[in-house]
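# Residue-level structure breakdown
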Amino acid sequence: MSEILRFEPFASTIEPEFWSGLAQHKLHSAQLSTARTPICGEFTGGRRHAPRSATANSASEAAAQTLAVPARLRISKDSWSKTGAEQDGETDSSSQQQQQPGVAVPVDGFLYNTNTIEEFKKSDKSEILREVGASILDAIRSGQATRTPGLLWPFAMLSFADLKKYHFYHWVAFPAVTADPPDTTTGAAVPIADFVAGGSADVDALRTAYVEFARNSSAQSCGAFVAVYQQQNISSPWTLFSLEDWGSAVVEEAAGVGSSVMLGFIDPSSHSTRPGWPLRNLLTWMRYSHPETTDLKVLCFRDAALGSADTQKSDAPRQQSESIVIDVQITPATELKAENQVSGWERNEKQKLAPRIVNLSSTMNPVQLAESALGLNLQLMRWRLAPSIDLGKMAATRALLVGAGTLGAYTARALLAWGVRKITFVDNGRVSFSNPARQPLYDFADSLDGGKPKAAAAAESMRRIFPNVDAQGVQLSIPMPGHSVSPAEVDSTRAAVQTLEALVADHDVVFLLTDSRESRWLPTMLGALHRKIVVCVALGFDTFVAMRHGVYPSAGAFEDTGSSDTRLGCYFCNDVVAPTDSLTDRTLDQQCTVTRPGLAPIASGMAVELLATIVQHPLGGYAPVPQKDAASDGSGDGVFGEPEHQIRGYLSGFRQHAIVGRAYSMCTACSPAVVNSYRTHGFDFLLRVFNNTLVKESAPHTPVVSVAGDDVAAANDSAGYSYLETLTGLAALHRKTDDMLDDIEWSDDGGSDDDFVAL
C-alpha cells in the first residue's frame, strides 16, 4: 500500500556574523540597489544526538534516548565570500576540506534585500519562489543539474536591514518543485543496517565508498549520487557514481544479479522515516531527466560526518548509522495537473508562514560583536566538554601580572582567551629592539625613541586586541632584598611598596613573571599577607617551573609557627639562603633572558591553566593537590580536577612532572616570622630587608626579632648571614651545621683497600 511521501523541511540557522556582513554589503556595496545578490550556505547529513547526561546499557536503549535535530541549512559569515559554483573552481585547502569525510554540501542562495520595511512587507513572495523554481527547472532541462547537483537546492532570502536600530527582518525560502499528484512511498523506511546483508561491515563499506566518491567529486557534486549495492561482493559491496551515470552502461556493468541500484543523496533529516527537503527537487530531476524511471530505491545517506571506517580511532565508541532506504514511486510528468508549482517559505518559531526579526542592537557594533565571538568560544566548552564550568568565575578574576616581558605577554594573551577582563601589568622597563620578536604584545614602533614603558605599552596592546578588556599598566620599580635604599630614596621606595601592596590587595591572583629571584620576594610576601592566589613562573635555558603558592587559611594562621601549618610551599620555601642582589656585575649573557624561544609560551600557558583549575575548584586557592596513590571517585575534584602544586618541564627529552612541597617554617618570604614582622613593623622592617641590616643577638644563635630602637650592629658579619636568614632562624641552622662539621674528626690516613667492604 502506497502512502504520500512526506519530507522533513529545512530550518535556517543564521549566525550573527552574517548580519554584520549584510550591514557592510548594504553600506558599501548595494547602497540603494535592490538587485538580487548571490550568497551561499551549506547543510550536512542529519544525525540524532544523545543528551550528555543520558546513560544506556544497550544499543537499543541508546537509540531510544537520542533526540532528532531539525534539518538545518547554515548561513554564516562565509556566505558572502563565494558561491558553491565558485568553490568548485578552487583548489585551495578550504575547498579541499569541503571534500573530506564529514563534508558539508554547499548550496547557492539569492538575497533580495529591500530598502524599507514597507517594501519588505509588500514584496511578491510567490514571484520570488517562481523565479528560483524556474532556475531549478532550467538547470534540470539543460542538463546542468545532472553535472552539478548542487543547482537543485538553491535557497532565497528576503531581507530588510534597519541599520539605525540594528534590526534585521528576514524570511528564508527553500524552493521545491512540487508534484500534484504527489510522489508516494511503497513501504516503510528501512534502516541501512537492516537493508544490507553484511551487517556493520557493509555499513562501514558504504561510508568508505562515500569518502572516496567525495574526494573525487567537486563540492557541489557530492550531494547526490548513484549507489550500487552488490550483496555478493564481500570486499567492496558499494560503488558510487555521479548522477551522469544513471542508466549508463557503467552502472549496468557494476550491477549484477542480486544488486540494487539506488538514487542517493546527503540527507539533512534526522527523522526516523522522513527524508530531507533536498529529495523533493532530486525526484523532480529524475522525473524530467529519466521519465522511464517511476519506481526506485532512494538511499538517504546521513553518515557522511562519521567519515571512513578506516579513519576512526580504534578506541573510539562506535557510532550508529542513521541512514535509511525508502522505496519511492514517482508521479510521471505527463500525469501532473500543473507544472512549475513551487513551495518552500520557512515557518517561524510559532509554525506560521511569517518572517522573523533579529534584534542585534546590543551586539552589532564591532566591539560587542568581538565580545560575543569570544564568549561563544568559551560557551562551546559548556555544551559537551565541560558543562559544569563556571565561566563567570574566570571572567570576574582580577589578575595582577608582575612582569611585562616574555612571560607576561604570553600569560596576558592566555588570560584574555579565558575571558579574564581585568589585567594589570607591573614593570619598570622599556621596550627594547630585542623584545618584539619574543614578546607578542609589542611591535617595532614600541621600541623606537628609547622604547615605550613596557607596562603601559602592554596594556595599550591588550586594549587594541580586545577593546573590552580593562588593562592597566603601572610603571613601578619593585624594591628588592639586597638592593640598598639610600636616605634620598626612602620616600620613593615607601611609595613603591604602598602602590604594590594596594595592587595586590585589589586583585585576586598575582602572577610572578619577573626575570630575577629577588624581584619576586616582595610580591610573594604581600601575596601571603593578603591571602591571594599567587602563581609563579620561572624559566631556565630549557626548563621551566609553574607553581602555585599556598594560601594561609585565616589571618590568625600568621601566628602559627608549628607543625600544624600544612600550606603548600612558595617559590622560596625550598631555599636555605635568602634572596640577595643577583643583578650587579653581570655579563651580557647574564643580563638577558637566555632561554629556548618556545619555552615561554609553554610555561605561561601551563600557569594560566593552573589558575583555571584553581578557580574552577570548589575550594579555590585552598584546593588540595591530587593524591597520586589514592583512588578518587571524582567528587569534589573540581571541573578540571585538583590543581597541582608545581609543574616542572624539560624540553630536553620533552619531559614533565608534578611535585609537591610543603611550606617551610623558616622560609624567607612566606613564613609567619616574616609576615608577622611586616605586620608589626611595616616599612621599617622592609628597609632592613632591602639594606640587609643585621640585629644584635640577645643570646647565642638567637636573633632579636624586634627592629625597634638603635640596636643595629654588624653582628655576624664574618659569617655572611643576611637579615632574613637571621630573622627566620636559617642563620642559626647554618651555624649549627657548621658546629657539627667542626666536631667531626677527619682522618688524614689514606687507609688501604682492605678497609673497604665489597658490595
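Residues numbered from 1 in each chain as written. Predicted model: local features only at pLDDT ≥ 70, side-chain atom pairs only at ≥ 80, totals over all residues. Heavy atoms only, no water.

### Remarks on the overall build of the chain
Along its length, the chain carries 23 helices and 26 strands. Considering the chain as a whole, with its 759 residues, one finds that 47% of them fall into the buried category. Sequence-distant contacts, at least 24 apart, represent 73% of the contacts inside the chain between residues at least 6 apart. For the chain, the exposed area adds up to about 36,100 Å²; of that, 51% sits on carbon and sulfur atoms. (Helix = DSSP H or I, 4+ residues; strand = E, 2+ residues; numbered from the N terminus. Buried < 20%, exposed > 50% of the residue type's maximum accessible area, 1.4 Å probe, protein only. Contact = heavy atoms within 4.5 Å. Areas by Shrake-Rupley, 256 points an atom, 1.4 Å probe, with all protein chains shown as cover.)

### Structural notes on the pairing of strand 21 (residues 533–539)
Taking burial as the measure, the 7 residues of strand 21 include 6 buried ones, the bulk of the element. Here strand 20 (residues 509–512) pairs with strand 21 via 4 bridges, running parallel. When the bridges of strand 21 are listed, Val509 appears paired with Ile533. Remark: the strand 20/helix 17 (residues 521–529)/strand 21 crossover connection has right-handed handedness. (Pairing = 2+ DSSP bridges. Right-handed = clockwise from strand over helix to strand, strands pointing away.)

### Things to note about the state of the cysteines
Under the definition given, this model contains 0 disulfides. Left without a disulfide partner, Cys667 is nearest to the cysteine sulfur of Cys570, which lies 3.5 Å away. A relative accessible area of 0% places Cys667 in the buried class. (Disulfide = S-S within 2.5 Å.)

### Topic: the packing of aromatic side chains
Taken as a whole and judged by the stated rule, the model has 20 aromatic pairs. An angle of 45° between the planes, with centres 5.0 Å apart, marks the rings of Trp171 and Trp345 as tilted. Pair noted here: Trp171 is in strand 7 (residues 167–177) and Trp345 is in strand 15 (residues 342–345), with a separation of 174 residues, a long-range link. The residues Trp171 and Trp345 share a single accessibility class, namely buried. Across from the ring centre of Tyr650, 4.7 Å away, lies the NZ or CZ of Arg655, which sits over that ring. (Phe/Tyr/Trp six-rings, centres within 6.5 Å; stacked < 30°, edge-to-face > 60°. Lys NZ or Arg CZ within 6 Å of the ring centre and 35° of its normal.)

### Side note on the environment of Ile389
Its place among the elements puts Ile389 in the loop between helix 12 (366–383) and helix 13 (391–396). For Ile389, a relative accessible area of 2% puts it in the buried group. Considered as a pair, Ile389 and His617 are 228 residues apart in the sequence and their alpha carbons are 9.7 Å apart. Among all residues touching Ile389, those that are not within four sequence positions of it are Met381, Arg382, Trp418, Gln616, Val639 and Phe640.

### Side note on empty space enclosed by the protein
Empty pockets left among the atoms are what a rolling probe the size of a water molecule brings to light. If you walk through the whole model with that rule in mind, you get 4 cavities of 30 Å³ or more. Estimated volume of the largest cavity: approximately 70 Å³. Secondary structure elements with two or more residues in the lining of the largest cavity: strand 7 and helix 11 (278–289). For the lining of the largest cavity, the per-class residue count stands at 10 nonpolar, 1 polar and no charged. Approximately 60 Å³ is the volume found for the second largest cavity. Pro481, Gly482, Ala578, Pro579, Thr580, Val689, Asn692, Ser722, Tyr723 and Leu724 together form the lining of the second largest cavity. (1 Å grid on protein atoms, 1.4 Å probe; cavity = no way out; pocket = protein on both sides within 12 Å on 5 of 7 lines; lining within 4 Å. Points joined across faces, edges and corners; volume = space filled by probe spheres on them. Nonpolar A, V, L, I, M, F, W, Y, C, P; charged D, E, K, R; others polar.)

### A few points about the pattern of salt bridges
Across all of its chains, the model carries 15 salt bridges by this definition. For Arg356, the salt bridge goes to Glu349, with nearest N and O atoms at 4.0 Å. Residue Arg356 is classed as partly exposed on the basis of its relative accessible area of 23%. Residue class for Glu349 comes out exposed when judged on its relative accessible area of 59%. The structure contains a network of salt bridges with shared partners spanning Glu15, Glu42 and Arg74. (Salt bridge = Lys/Arg side-chain N within 4 Å of Asp/Glu carboxyl O.)

### Details of the nonpolar core
Counting residues in hydrophobic clusters, the biggest one holds 74 residues, and the most contacted among them are Tyr210, Trp238, Leu240, Leu279, Leu282, Trp285 and Leu299. Considering each element in turn, this core owes the most residues, 7 residues, to helix 9 (residues 200–215). Counting 50 residues, the second-largest nonpolar core is a separate cluster that includes Phe511, Ala546, Leu599 and Ile614. (Core = buried A, V, L, I, M, F, W, Y, C linked by side-chain atoms within 4.5 Å.)

### Concerning the packing of helix 17 against helix 20 (residues 672–681)
Following both chains from N to C, one finds helix 17 and helix 20 inclined at 85°, their axes separated by 10 Å at the closest point. In terms of orientation, helix 17 lies roughly perpendicular with respect to helix 20. Contacts between helix 17 and helix 20 involve Trp521, Met525, Leu526, Ala528 and Leu529 from the former and Val674, Val675, Tyr678 and Arg679 from the latter. Classifying every residue of the contact of helix 17 with helix 20 by side-chain character gives 8 nonpolar, no polar and 1 charged. (Axes fitted to C-alpha atoms, helices over the stretch in contact; angles between N-to-C directions. Parallel < 35°, antiparallel > 145°, perpendicular 65-115°, else oblique.)

### Points about the sheet that holds strand 20
The sheet built from 8 strands is open, its strands ordered 19-18-17-20-21-22-23-24 with mixed pairing. Each end of this open sheet is capped by a strand with a single partner; those strands are strand 19 (470–475) and strand 24 (655–659). Within the sheet, the average angular offset between the axes of one strand and its neighbour, ignoring direction, is 15°. Relative to strand 22 (residues 543–548), strand 21 runs antiparallel, the two sharing 5 bridges. Considered in strand 22, the bridge of Leu539 is made with Phe544.

### Some words on a negative patch on the surface
A cluster of acidic residues, Asp738, Asp739, Asp742 and Asp743, forms a negative patch at the surface. Take Asp739: its relative accessible area is 38%, and that puts it in the partly exposed class. (Patch = residues over 30% accessible without salt bridge, like charges linked within 9 Å, V, L, I, M, F, W, Y side chains within 5 Å. Lys, Arg positive; Asp, Glu negative; His and termini not counted. Charge placed at Lys NZ, Arg CZ, Asp CG, Glu CD.)

### A word on helix 16 (residues 490–506)
Counted at 1.5 Å a residue, the expected span for helix 16 with its 17 residues is 24 Å, and the 24 Å between its end C-alpha atoms agrees. Taken together, the buried positions of helix 16 are occupied by Val490, Thr493, Ala496, Val497, Leu500, Glu501, Leu503 and Val504. Buried residues of helix 16, seen end-on, are gathered within an arc of 160° and therefore sit on one face of the element. Every exposed residue of helix 16 that faces more than 90 degrees away from the buried side is listed here: Asp491 and Gln498. (Expected span 1.5 Å × (residues − 1). Arc of directions from axis to C-beta.)

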